[in-house]
Amino acid sequence: MDELLAQKIHRELGGVLSAVAGDRDHPLRRAVTDWLAGFTRDMQSDPATIAKVEQFKHSLLGDRQLRELAVTGWGSLKAGLDASLADPDSPLCRALNGAVQDFGRRLLRDRALRQSLEARLVTVVQRFTAEHGKSLAALVSDTVRGWDPAEASAKLELQVGRDLQFIRINGTVIGALAGVAIYTGGQLILLLAG
């Protein structure tokens, strides 16, 4: 009998929720929306509501079991995310890759979006540089000043590798050619003058 009653309640609740979800003007939906709007206003302006919310917040934050549950939950969530992101065939990875590719395609097609994004990025970089430029420059300067020159050179060569060799060879060749051109020009001037 209990199971039949539970099934009946479950069916009725499912029906009500479906009706509410499908009808923007459903009375229950309007009532919940109005209550949420009122509660939001009260949280900003009504001292009694603000005090109740603060008391509730502090009781939640002070609950040891809830904190332990949050830490455990975060650990589980993080492990699940790490596992999903490590597997390229996981639904999360596929969804993220799809979203990034869709955004990239949209950026290629939509010039206004590109300009808007660029303007926002420029604004963010300008604001960040204005606020933190000096401290960032000091951090980089202090870090570079603390490097051992031989160790820094070895690390740079390890990271850049072959490209650095090409740069050295190009510099040598261009320097040699410039030297030959200058010498030849000088000799021509002497010949013409003499």
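Just so we're clear, the structure is a prediction, and the values are computed from it rather than from any experiment. (Residues numbered from 1 in each chain as written. Predicted model: local features only at pLDDT ≥ 70, side-chain atom pairs only at ≥ 80, totals over all residues. Heavy atoms only, no water.)

**A few points about the overall build of the protein chain**
Turning to step 1, where the next piece is worked out: Looking only at helices and strands, the protein chain has eight helices and zero strands in total.
Turning to step 2, where the next piece is worked out: Mapped in sequence order, the helices and strands of the protein chain form the string α-α-α-α-α-α-α-α.
Turning to step 3, where the next piece is worked out: Taken against the 2.2 N^0.38 rule, which gives 16 Å for 194 residues, the C-alpha radius of gyration of the protein chain at 34 Å runs more than 25% over that of a compact globule.
Turning to step 4, where the next piece is worked out: In terms of its C-alpha atoms, the protein chain occupies a principal-axis envelope of roughly 120 × 40 × 40 Å.
Turning to step 5, where the next piece is worked out: Accessible surface computed for the protein chain: about 16700 Å², of which carbon and sulfur atoms make up 65%.
Turning to step 6, where the next piece is worked out: Seen as two clouds, the 24 positive and the 23 negative side-chain charges of the protein chain have centres 6 Å apart. (Helix = DSSP H or I, 4+ residues; strand = E, 2+ residues; numbered from the N terminus. Rg over C-alpha atoms; globule rule 2.2 N^0.38 Å. Areas by Shrake-Rupley, 256 points an atom, 1.4 Å probe, with all protein chains shown as cover. Lys, Arg positive; Asp, Glu negative; His and termini not counted. Charge placed at Lys NZ, Arg CZ, Asp CG, Glu CD.)

**Some details on the pattern of salt bridges**
Turning to step 1, where the next piece is worked out: Evaluation of the coordinates by the stated rule reveals six salt bridges.
Turning to step 2, where the next piece is worked out: Two residues, Glu12 and Lys8, come together in a salt bridge whose shortest N-O distance is 3.3 Å. Placement of the pair is Glu12 and Lys8 together in helix α1 (residues 2-22), with a separation of four residues, close to one helical turn. (Salt bridge = Lys/Arg side-chain N within 4 Å of Asp/Glu carboxyl O.)

**Structural notes on helix α7 (residues 149-160)**
Turning to step 1, where the next piece is worked out: Between its terminal C-alpha atoms α7 stretches 16 Å, which fits the 16 Å expected from 12 residues at 1.5 Å a residue.
Turning to step 2, where the next piece is worked out: Once α7 finishes, Gly161 follows within two positions and takes phi at roughly 55 degrees, a positive value. (Expected span 1.5 Å × (residues − 1).)

**Here's the deal with the side chain of His26**
Turning to step 1, where the next piece is worked out: Take His26: it is sitting in the loop between α1 and α2 (27-45).
Turning to step 2, where the next piece is worked out: Judged by relative accessible area, which is 19%, His26 ranks as buried.
Turning to step 3, where the next piece is worked out: Beyond its immediate sequence surroundings of up to four residues, His26 is in contact with Ala19 and Val20. (Buried < 20%, exposed > 50% of the residue type's maximum accessible area, 1.4 Å probe, protein only. Contact = heavy atoms within 4.5 Å.)

**Some words on a nonpolar patch on the surface**
Turning to step 1, where the next piece is worked out: Taken together, the side chains of Phe128, Leu136, Leu139, Val140, Val144 and Trp147 present a nonpolar region at the surface, about 600 Å² in accessible area.
Turning to step 2, where the next piece is worked out: Within the element layout of this structure, Leu139 appears in helix α6 (residues 111-145).
Turning to step 3, where the next piece is worked out: Leu139 gets classed as exposed once you look at its relative accessible area, which sits at 52%. (Patch = residues over 30% accessible without salt bridge, like charges linked within 9 Å, V, L, I, M, F, W, Y side chains within 5 Å.)

**Remarks on the packing of aromatic side chains**
Turning to step 1, where the next piece is worked out: Applying the stated rule across the entire model yields one aromatic pair.
Turning to step 2, where the next piece is worked out: On the numbers, 5.2 Å between centres and 5 degrees between planes, the contact of Trp35 with Phe39 is stacked. In this pair, Trp35 and Phe39 both sit in helix α2, four residues apart, roughly one turn of the helix. (Phe/Tyr/Trp six-rings, centres within 6.5 Å; stacked < 30°, edge-to-face > 60°.)

**Re the confidence of the model for the protein chain**
Turning to step 1, where the next piece is worked out: Mean pLDDT over the protein chain works out to 87, with 99% of the residues at or above the 70 mark.
Turning to step 2, where the next piece is worked out: By mean pLDDT, α7 is the weakest element of the protein chain at 79, and helix α5 (residues 91-109) is the strongest at 92. (pLDDT = per-residue confidence, 0-100.)

**Here we look at the side chain of Thr49**
Turning to step 1, where the next piece is worked out: Assignment of secondary structure puts Thr49 in helix α3 (residues 47-62).
Turning to step 2, where the next piece is worked out: Discounting residues that sit within four places of it in the chain, Thr49 has contacts with Phe39, Asp42 and Met43.

**Brief notes about the packing of α2 against α3**
Turning to step 1, where the next piece is worked out: At a minimum axis separation of 6 Å, α2 and α3 run at an interaxial angle of 90 degrees. Comparing the axis directions of α2 and α3 gives the class roughly perpendicular. Residue-level contacts link Phe39, Asp42, Met43, Gln44 and Ser45 of α2 to Pro47, Thr49, Ile50 and Val53 of α3.
Turning to step 2, where the next piece is worked out: Residues belonging to the contact of α2 with α3 are distributed by class as follows: five nonpolar, three polar and one charged. (Axes fitted to C-alpha atoms, helices over the stretch in contact; angles between N-to-C directions. Parallel < 35°, antiparallel > 145°, perpendicular 65-115°, else oblique. Nonpolar A, V, L, I, M, F, W, Y, C, P; charged D, E, K, R; others polar.)

**Overview of the environment of Asp34**
Turning to step 1, where the next piece is worked out: Turning to its location among the elements, Asp34 is positioned in helix α2.
Turning to step 2, where the next piece is worked out: Overall, the relative accessible area of 54% leaves Asp34 in the exposed class.
Turning to step 3, where the next piece is worked out: Separated by 13 residues in the primary sequence, Asp34 and Pro47 place their C-alpha atoms 20 Å from one another.

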